[in-house]
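The primary structure of each chain is shown beneath.
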Amino acid sequence: MTHPVSPETILRILESGEAPRLEFAYVDESGDSGAAGSQTYTLGCVLVPADEWTARLDLMIDMRRALKQAYGIRFRDELKANYLLRGRGPLASLNLGDGQRRDIYQRHLRLLRLVASGAFAVVIQKHLITTGKDPAETAWTYLFQRLRLRSESTGVPIVLVHDEGDADRVRKLHRAFRRHSWAGSTSVTAPLLVEDPVPRRSDQSFFIQAADLLAYAAYRRVHPPTGRAAGSVCNETMWDELGPRVLTEVARDRVDGIVMWPKT
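Residues numbered from 1 in each chain as written. Predicted model: local features only at pLDDT ≥ 70, side-chain atom pairs only at ≥ 80, totals over all residues. Heavy atoms only, no water.

The next subject is the overall build of the chain. Scanning the chain from N- to C-terminus turns up seven helices and eight strands. By the compact-globule yardstick of 18 Å for 264 residues, the chain fits well, its C-alpha radius of gyration being 18 Å. Looking at the chain residue by residue over its 264 residues, the buried ones come to 50%. For the chain, restricting intrachain contacts to residue pairs at least 6 apart in sequence, the fraction spanning at least 24 positions comes to 72%. Total accessible area computed for the chain in this model is approximately 12300 Å², and 48% of it derives from carbon and sulfur atoms. Averaging the locations of the 36 positively and 32 negatively charged side chains of the chain gives two centres separated by 2 Å. (Helix = DSSP H or I, 4+ residues; strand = E, 2+ residues; numbered from the N terminus. Rg over C-alpha atoms; globule rule 2.2 N^0.38 Å. Buried < 20%, exposed > 50% of the residue type's maximum accessible area, 1.4 Å probe, protein only. Contact = heavy atoms within 4.5 Å. Areas by Shrake-Rupley, 256 points an atom, 1.4 Å probe, with all protein chains shown as cover. Lys, Arg positive; Asp, Glu negative; His and termini not counted. Charge placed at Lys NZ, Arg CZ, Asp CG, Glu CD.)

Written out as structure tokens, the structure reads:
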């Protein structure tokens, strides 16, 4: 396949430090949003520049084409962490081994080194919350704060694109964060977080699927699996596949681009 822009050109753009005109922040979650259920609630965020966006998507398509040839995974098959961990969903009939599913996971995160301009995650440790705070609302607020810092440091507007679940709440939180009101007046607190968030079906966006894999990898970074079988597909080292795309500046007390609350 011939790209309008080569992978080498995209890599040079990334390494040059040249600011894009706009960034898309693709976000997906891992874990239950309520107080019960999973140990954590995690948001994974993949930043993709609008510049050469189609060429970056083409690289994702090329990767999926290679997975189709190697493992029989169709383009319409959604690849989520839960499916890769257990060989479920569209992978159920393929009988892929742990090593093969780990390879699929690695290919996605390694490709983000090229197609993304940054990546980070927010991990809410629900079992440690004693204040009654809502895990999902807290996670989204932390994510908006980091996107604001990102936009202020680069001067580049950001549009949020997220999995369509809980779209009304995400839109409400985003609007409230962008404009803070008191005593009848309004202040724009995050002017470069533009437009309302865009909800998308994750099975129709390779970038949101990558954010899902990112979110679970962040969870495992913070809470390594116990036992060899438990981490055979994704363990605490998977996060390292992101390499230089990790935004280390999002967390003061960690160098791996993971915001964690409450802190242990």
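The next thing to look at is the sheet that holds strand 1 (residues 23–30). Strand order in the open sheet made by the six strands is 7-4-1-2-3-8, with mixed pairing throughout. Every interior strand has two partners, whereas the edge strands, strand 7 (198–200) and strand 8 (258–261), have only one. For this sheet the average axis-to-axis angle between neighbouring strands, irrespective of direction, equals 20 degrees. Across eight bridges, strand 1 lies against strand 2 (residues 40–49) in antiparallel orientation. (Pairing = 2+ DSSP bridges. Axes fitted to C-alpha atoms, helices over the stretch in contact; angles between N-to-C directions.)

Here we come to the nonpolar core. Membership of the largest hydrophobic core comes to 47 residues, with the highest contact counts inside it found for Tyr 105 and Trp 239. Elements with a contribution of two residues or more to this core: strand 2, helix 2 (53–71), helix 3 (81–86), helix 4 (98–115), strand 3 (118–125), helix 7 (206–222) and strand 8. Not counting residues within four places of it along the chain, the set of residues in contact with Tyr 105 comprises Ala 81, Leu 84, Leu 213, Tyr 216, Ala 217, Val 233, Cys 234 and Met 238. In terms of nonpolar packing, the next biggest core, distinct from the first, is built from 29 residues, Ile 158, Leu 173, Leu 193 and Leu 247 among them. (Core = buried A, V, L, I, M, F, W, Y, C linked by side-chain atoms within 4.5 Å.)

Compared with an ideal rise of 1.5 Å per residue, which puts 18 residues at 26 Å, helix 4 spans 26 Å between its outermost C-alpha atoms and is within 8% of the ideal. Every buried residue of helix 4 is listed here: Arg 101, Arg 102, Asp 103, Ile 104, Tyr 105, Gln 106, His 108, Leu 109, Leu 111, Leu 112, Leu 114 and Val 115. (Expected span 1.5 Å × (residues − 1).)

In the segment running from Trp 261 into Pro 262, the intervening peptide bond is cis, with an omega of -15 degrees. Mapped onto the elements of the fold, Pro 262 is located in the segment after strand 8. The backbone of Asn 95 shows a phi angle near 55 degrees, a positive value even though the residue is not glycine. As for its position among the elements, Asn 95 is in the loop between helix 3 and helix 4. Of note in this structure, Glu 195 is not a glycine but carries a positive phi near 60 degrees. Looking at the secondary structure, you find Glu 195 in the loop between strand 6 (185–188) and strand 7. You can call Glu 195 exposed: its relative accessible area is 58%.

We now examine the pattern of salt bridges. Going through the model one piece at a time under the given rule, you end up with 16 salt bridges. With a closest N to O distance of 2.9 Å, Asp 62 and Arg 65 form a salt bridge. Taken as a pair, Asp 62 and Arg 65 lie in helix 2 at a separation of three residues, close to a single helical turn. We classify Arg 65 as partly exposed; its relative accessible area is 34%. For Asp 256, the salt bridge identified is with Arg 254, shortest N-O distance 2.6 Å. One network of salt bridges, with partners in common, ties together Arg 221, Asp 240, Arg 254 and Asp 256. (Salt bridge = Lys/Arg side-chain N within 4 Å of Asp/Glu carboxyl O.)

Moving on, we come to the environment of Leu 43. Looking at the element boundaries, Leu 43 is found in strand 2. Sequence separation between Leu 43 and Ala 121 is 78 residues, and the spatial gap between their C-alpha atoms is 5.5 Å.

Looking at the secondary structure, you find Ala 55 in helix 2. In this structure, the C-alpha to C-alpha distance between Ala 55 and Lys 133, residues 78 residues apart in sequence, is 41 Å.

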